[in-house]
Amino acid sequence: MTKPSIQSNPLLEPKIKLRLAPPPPLDLALLLQQGEILEQAALLIESGTASADELEELRVRASEYCVLADSGRILLVPGTGEKLHRGYLKLKHEIAAWNKIRFYREELDVRGGER
């Protein structure tokens, strides 16, 4: 009885794709600029100084990178658009969580004032 080789069984093929070259400068610039927006939003949320308007502005700015990647006007390497979308979705979820916490805090303040 022979052992099955990886080449003979497509289910056993590795799913990891290695990229040896760094991303092109445009891809890197887009990822870094969106990353700065994500970092700014995270700092505002963590410090407790965030306002709904500030976070909405940052969300819109982060989404612009997704729109640019999806437009097809610029050629990006495979995976860059997905990374931009993941960053945007992460920010969107963080803002939603922040809004939920803010809502509960306001509810507690109102109920605390009724006593």
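Residues numbered from 1 in each chain as written. Predicted model: local features only at pLDDT ≥ 70, side-chain atom pairs only at ≥ 80, totals over all residues. Heavy atoms only, no water.

1. Looking at the overall build of the protein chain
Link 1 in the chain: A tally of regular secondary structure across the protein chain gives 3 helices and 0 strands.
Link 2 in the chain: Starting at the N terminus and ending at the C terminus, the protein chain contains elements arranged as α-α-α.
Link 3 in the chain: Relative to its 115 residues, the protein chain shows a buried fraction of 21%.
Link 4 in the chain: Taking as baseline every contact in the protein chain between residues at least 6 positions apart, the subset at least 24 positions apart corresponds to 69%.
Link 5 in the chain: Accessible surface computed for the protein chain: about 9200 Å², of which carbon and sulfur atoms make up 59%. (Helix = DSSP H or I, 4+ residues; strand = E, 2+ residues; numbered from the N terminus. Buried < 20%, exposed > 50% of the residue type's maximum accessible area, 1.4 Å probe, protein only. Contact = heavy atoms within 4.5 Å. Areas by Shrake-Rupley, 256 points an atom, 1.4 Å probe, with all protein chains shown as cover.)

2. Side note on helix H1 (residues 25–47)
Link 1 in the chain: In a regular helix each residue adds 1.5 Å, so 23 residues correspond to 33 Å; H1 covers 32 Å between its end C-alpha atoms and thus fits that length.
Link 2 in the chain: Of the residues making up H1, those classed as buried are Asp 27, Leu 30, Gln 34, Ile 37, Leu 38, Ala 41 and Leu 44.
Link 3 in the chain: After H1 finishes, the residue Gly 48 shows a positive phi value of roughly 80°. (Expected span 1.5 Å × (residues − 1).)

3. Here we look at the nonpolar core
Link 1 in the chain: One finds Leu 55, Leu 84 and Leu 91 to be the most contacted residues of the largest nonpolar core, which totals 18 residues.
Link 2 in the chain: Elements that contribute at least two residues to this core include exactly H1, helix H2 (52–71) and helix H3 (80–114).
Link 3 in the chain: Considering each element in turn, this core owes the most residues, 6 residues, to H2. (Core = buried A, V, L, I, M, F, W, Y, C linked by side-chain atoms within 4.5 Å.)

4. As for the pattern of salt bridges
Link 1 in the chain: Within the structure shown, the criterion is met by 1 salt bridge.
Link 2 in the chain: One salt bridge connects Glu 56 with Arg 59, and the closest N-O pair in it is separated by 2.6 Å. Here Arg 59 and Glu 56 lie together in helix H2, a separation of 3 residues that amounts to about one turn.
Link 3 in the chain: Since its relative accessible area comes to 36%, Glu 56 is described here as partly exposed. (Salt bridge = Lys/Arg side-chain N within 4 Å of Asp/Glu carboxyl O.)

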